[in-house]
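Structure at a glance
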Amino acid sequence: MKEILQSGPAEALASLLDVELPDLDRDGLPLLWHWFYLLDRPAQADLGPDGHPLQGTEPGRRRMWAGGRVRTLGPLRCGLPAERKTEVLSTQEKQGRTGRLTFVVTGHKIVQGGEVVVEEEQDIVYRDAASGQADAPVEAPEVPVADDEWAIDVSPTLLFRFSALTYNAHRIHYDRDYARDVEGYPGLLTHGPLQALAMAEAARRRGSGGRRAFDYRLVSPLFDHQGMIVRADDTGTAVRDRHGRRTATGTVRSFGR
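Residue positions are counted from 1 within each chain, in the order its sequence is given. Per-residue local features of the predicted model are confined to residues with pLDDT of at least 70, and side-chain atom pairs are confined, for both listing and counting, to 80 or more; whole-chain, interface and lining totals are unaffected and use all residues. Only heavy atoms go into the side-chain values, all of them from the structure, while hydrogens and water stay out.

**Notes on helix 1 (residues 8–17)**
For an α-helix, the turn length of 3.6 residues means that residues three or four places apart are oriented alike. Put simply, the rule reads: Each residue's exposure class comes from its accessible area (1.4 Å probe, protein chains only) as a fraction of the maximum for that residue type: buried when under 20%, exposed when over 50%, partly exposed otherwise. Strands here are runs of E lasting at least two residues and helices are runs of H or I lasting at least four, both read from the DSSP assignment and numbered beginning at the N terminus. Working definition: the arc comes from the directions between the helix axis and the C-beta atoms, pointing outward to the latter.
All buried positions along helix 1 are accounted for by Ala-10, Leu-13, Ala-14, Leu-16 and Leu-17. Around the axis of helix 1, the buried residues are gathered within 160 degrees of arc, so they sit on the same side. At the C-terminal side of helix 1, Asp-18 shows a positive phi close to 55 degrees.

**A short note on empty space enclosed by the protein**
Convention followed: Each cavity reported here is a set of points on a 1 Å grid over the protein atoms alone in which a 1.4 Å probe fits but cannot get out, each pocket an open set with protein on both sides within 12 Å along at least five of seven lines, and each lining residue one with an atom within 4 Å of a point. Grid points are joined across faces, edges and corners, and a volume is the space filled by probe spheres set on the points. Residue classes follow a fixed rule: Ala, Val, Leu, Ile, Met, Phe, Trp, Tyr, Cys and Pro count as nonpolar, while Asp, Glu, Lys and Arg count as charged, and any other residue, Gly among them, counts as polar.
Summed over the entire model, instances satisfying the criterion amount to one cavity of 30 Å³ or more. By volume, the largest cavity amounts to about 70 Å³. What lines the largest cavity is simply Leu-29, Pro-30, Leu-31, Leu-32, Trp-33, His-34, Thr-72, Gly-74, Pro-75, Leu-76, Val-118 and Arg-212. Split into classes, the residues belonging to the lining of the largest cavity amount to eight nonpolar, three polar and one charged.

**Considerations on unusual backbone geometry**
Glycine aside, residues mostly have negative phi angles, and peptide bonds mostly take the trans form. The phi angle at Leu-32 is positive, at roughly 80 degrees, despite the residue not being glycine. Inspection of the secondary structure puts Leu-32 in the loop between helix 1 and strand 2 (62–72). Relative accessible area serves as the criterion here: at 1%, Leu-32 is assigned to the buried category. The backbone of Tyr-167 shows a phi angle near 55 degrees, a positive value even though the residue is not glycine. Among the secondary structure elements, Tyr-167 is positioned in the loop between helix 2 (156–165) and helix 3 (176–181). Tyr-167 gets classed as partly exposed once you look at its relative accessible area, which sits at 47%.

**Observations concerning the pattern of salt bridges**
The test is simple: The term salt bridge refers to a pairing of a side-chain nitrogen on Lys or Arg with a carboxyl oxygen on Asp or Glu at a separation within 4 Å.
Per the counting criterion, the structure on display carries 18 salt bridges. Taking the shortest distance from any N to any O, the salt bridge between Asp-148 and Arg-231 comes out at 2.8 Å. Within this pair, whereas Asp-148 is found in the loop between strand 5 (115–127) and strand 6 (149–152), its partner Arg-231 is found in strand 8 (residues 228–233), the two being separated by 83 residues in sequence. The partly exposed category is assigned to Asp-148, whose relative accessible area is 42%. For the salt bridge of Arg-231 with Asp-233, the shortest nitrogen-to-oxygen distance reads 2.8 Å. Residue Arg-231 is classed as partly exposed on the basis of its relative accessible area of 34%. Residue classification places Asp-233 among the partly exposed positions, given a relative accessible area of 26%. Taken together, the shared-partner salt bridges connect Arg-69, Glu-121 and Asp-123 into one network.

**Describing helix 2**
Where we set the bar: We call two residues in contact whenever any of their non-hydrogen atoms come within 4.5 Å of each other.
Buried within helix 2 we find Leu-158, Leu-159, Phe-162 and Ser-163. Taken down its axis, helix 2 places every buried residue within 135 degrees of arc, on the same side. Exposed residues on helix 2 whose side chains face more than 90 degrees from its buried face are Thr-157 and Ala-164. Along its buried surface, helix 2 packs onto helix 1, strand 6 and helix 4 (192–205). Note on helix 2: the residue one or two positions beyond its end, Tyr-167, has a positive phi of about 55 degrees.

Structure (structure tokens):
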């Protein structure tokens, strides 16, 4: 997968999240912003009923983004060509409480100017379809947003626009009837990559730069009506819902300039 990186996707993302747009030609894309470039764009006829591409998946199984690891080895600049190389690193079968689970680790390398500038591993889990609608969780009282936290309004519009920017057609993020009636969710599911990106942006606000390594995990589903509140400090970064339940964790560290 090759393309000349344009500024448009980065500008769109900055507007979507109301975050600072860096000098893309000099500093390159911020941590994780490469997710909006070098995208797979399958034909409509190649999508399954859930919106995911049929190739490489088993019919009727659910796909979940579970976490990953990213290292930035150099600036990924707009205005220049780049190439993404992808391979499946491992596949493992396990038995969970809800049935068979398949864990897939996919590796990506982004090359620009003959150098690898981004290394990434993504952890994806495939599980059997749920039998029936899940009960809505009992929610605790709301926890006020602290001064060092960033509250993001997780509206259907935000989720739809994020799906569009990443060319993600998975219907659980924008089709409430499908998410509720077919997959049994109590609301629209907030993207795992959106939570990871919010954590990386919270760390960027603290001034982290240079070569960075970011490890993150998605520990619990987050639905649109639960909000999204992000925090970063010297020990890591995390996402919680408005009731205090943690849904994602991450660590960002620098390893040289």
